[in-house]
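Residue-level structure breakdown
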Amino acid sequence: MFVTIIRTLILYFTVICVVRLMGKRQIGELQPSELVITLLLSEIIAMPMENNDIPLISTIIPVMILVTLEIITSAISMKSLKFRFLVQGHPIIIIRNGVLQQKEMKKLRLTIDDILESLRQKDIFDISLVAYGIIETNGKMSVMLKPDYETVTNKNAEIKVQDSGIPCVVITDGQIERSSFGDCNMTDEKLKKIIKKQNIDVGNTLLMTLDKSGKSVVIEKNI
């Protein structure tokens, strides 16, 4: 039992290192080559967890080879457009000015139900409103609405809005998070003043965010 636990821990941390090396894409955002590597890794790593007779080195070596191959493939893809298209494919316009491109649908083996479902997931129920619908290399659809149906922005309405920047996490789970201070012009001294002014108990704070304008959001722990 002890050997099984140790082996599982080793494989667990190996997988974490592998995922960190491969990046932070979600499953639905994986390119074809990345998805293949992910599937192979899950199969390779599962076997020694189930069977203690399989040496760990026989698992770790193939894992390292696959990860190295993925890193090399990614590096070549960044340098060569042709290689990138070969490995990842390229985006394809499936809707143009509200009209389905049926030849492209056939090429991608997509049904009308697939298209309509993708549109509904973007809260679009009328295909005639779409200027362009593009199937990306990860299989998801990007949609550009016709100008008459686009959401009005502050720029369109000629409304001037102050840029407060991205809200930065400054306290998380009772601890000060300094890694994002630079994004919201925060310092320890400024934070101390805000904490004192708002009478914030750092140890009892689940989350606190601040933006450049000084606006804060504080969520206290309740358990």
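Structure's up top.
Here we summarise the structure given alongside this text. (Residues numbered from 1 in each chain as written. Predicted model: local features only at pLDDT ≥ 70, side-chain atom pairs only at ≥ 80, totals over all residues. Heavy atoms only, no water.)

**Overview of the environment of D173**
The test is simple: The numbering of helices and of strands both runs from the N terminus, where a helix is a DSSP run of H or I of at least 4 residues and a strand a run of E of at least 2. Whether two residues touch is decided by their heavy atoms; if any such pair falls within 4.5 Å, the residues are in contact.
With respect to the helices, strands and loops of the structure, D173 is situated in the loop between β5 (168-172) and β6 (175-176). C-alpha separation for the pair D173 and R96, spaced 77 residues apart in sequence, amounts to 48 Å. Residue contacts for D173: discarding those within four places in its chain leaves T205, L206 and K221.

**Considerations on the state of the cysteines**
Linking two cysteines covalently through their sulfur atoms gives a disulfide. We count it as follows: When two cysteine sulfur atoms lie within 2.5 Å, the pair is treated as a disulfide. Buried residues are those whose accessible area, probed at 1.4 Å on protein chains only, stays under 20% of the maximum for their type, while exposed residues exceed 50% and partly exposed ones sit between those limits.
Evaluation of the coordinates by the stated rule reveals zero disulfides. Here C168 stays free of any disulfide, with the sulfur of C184 as its closest cysteine sulfur at 3.2 Å. On the accessibility criterion, C184 (2% relative accessible area) is buried.

**Observations concerning the packing of helix α3 (residues 57-79) against helix α4 (residues 81-88)**
Condition: Axis definition: a line fit to C-alpha positions, over the contact stretch in the case of helices; interaxial angles, taken between N-to-C directions, run 0 to 180 degrees. The cut-offs work like this: below 35 degrees is roughly parallel, past 145 is roughly antiparallel, 65 to 115 is roughly perpendicular, and the gaps in between are oblique. By convention the crossing between two helices is left-handed if the near helix lies anticlockwise of the far one by an angle smaller than a right angle, and right-handed if it lies clockwise. The classification used treats Ala, Val, Leu, Ile, Met, Phe, Trp, Tyr, Cys and Pro as nonpolar, Asp, Glu, Lys and Arg as charged, and all other residues, Gly among them, as polar.
Running from N to C, α3 and α4 point in directions that differ by 130°, and their axes come no closer than 6 Å. For the element pair α3 / α4, the angle class is oblique. Here the hand of the crossing between α3 and α4 comes out left-handed. Along the contact surface, α3 presents T73, I76, S77, M78 and K79, while α4 presents L81, F83, R84, V87 and Q88. When its residues are assigned to classes, the contact of α3 with α4 shows five nonpolar, three polar and two charged.

**Some words on a nonpolar patch on the surface**
Heads up, the rule is: Nonpolar side chains (Val, Leu, Ile, Met, Phe, Trp, Tyr) within 5 Å and like charges within 9 Å form the patches, drawn only from residues with over 30% relative accessible area and no salt bridge. Here the open area of atoms and residues is found with the Shrake-Rupley method and a 1.4 Å probe, where only the protein chains shown may cover a residue. We define a salt bridge as a side-chain nitrogen of Lys or Arg found within 4 Å of a carboxyl oxygen belonging to Asp or Glu.
The grouping of F2, I5, I6, L9, I10, Y12, F13 and I16 at the surface amounts to a nonpolar patch, some 770 Å² of accessible area in total. Structurally, the position occupied by I16 is in helix α1 (residues 2-22).

**Some words on the side chain of S180**
For clarity, the threshold we go by: Polar contacts, as counted here, are pairs of nitrogen or oxygen atoms within 3.5 Å of one another; within protein the pair requires one atom able to donate a hydrogen and one able to accept it, and residues that are adjacent in sequence qualify only if both atoms are side-chain atoms.
Mapped onto the elements, S180 comes out in the loop between β6 and α7 (188-197). Looking at S180, its side chain comes within polar contact range of the main-chain oxygen of V169, at 2.8 Å. With residues up to four places along the chain from it excluded, the contact list for S180 reads C168 and V169.

Read these as spatial facts, not as claims about activity.
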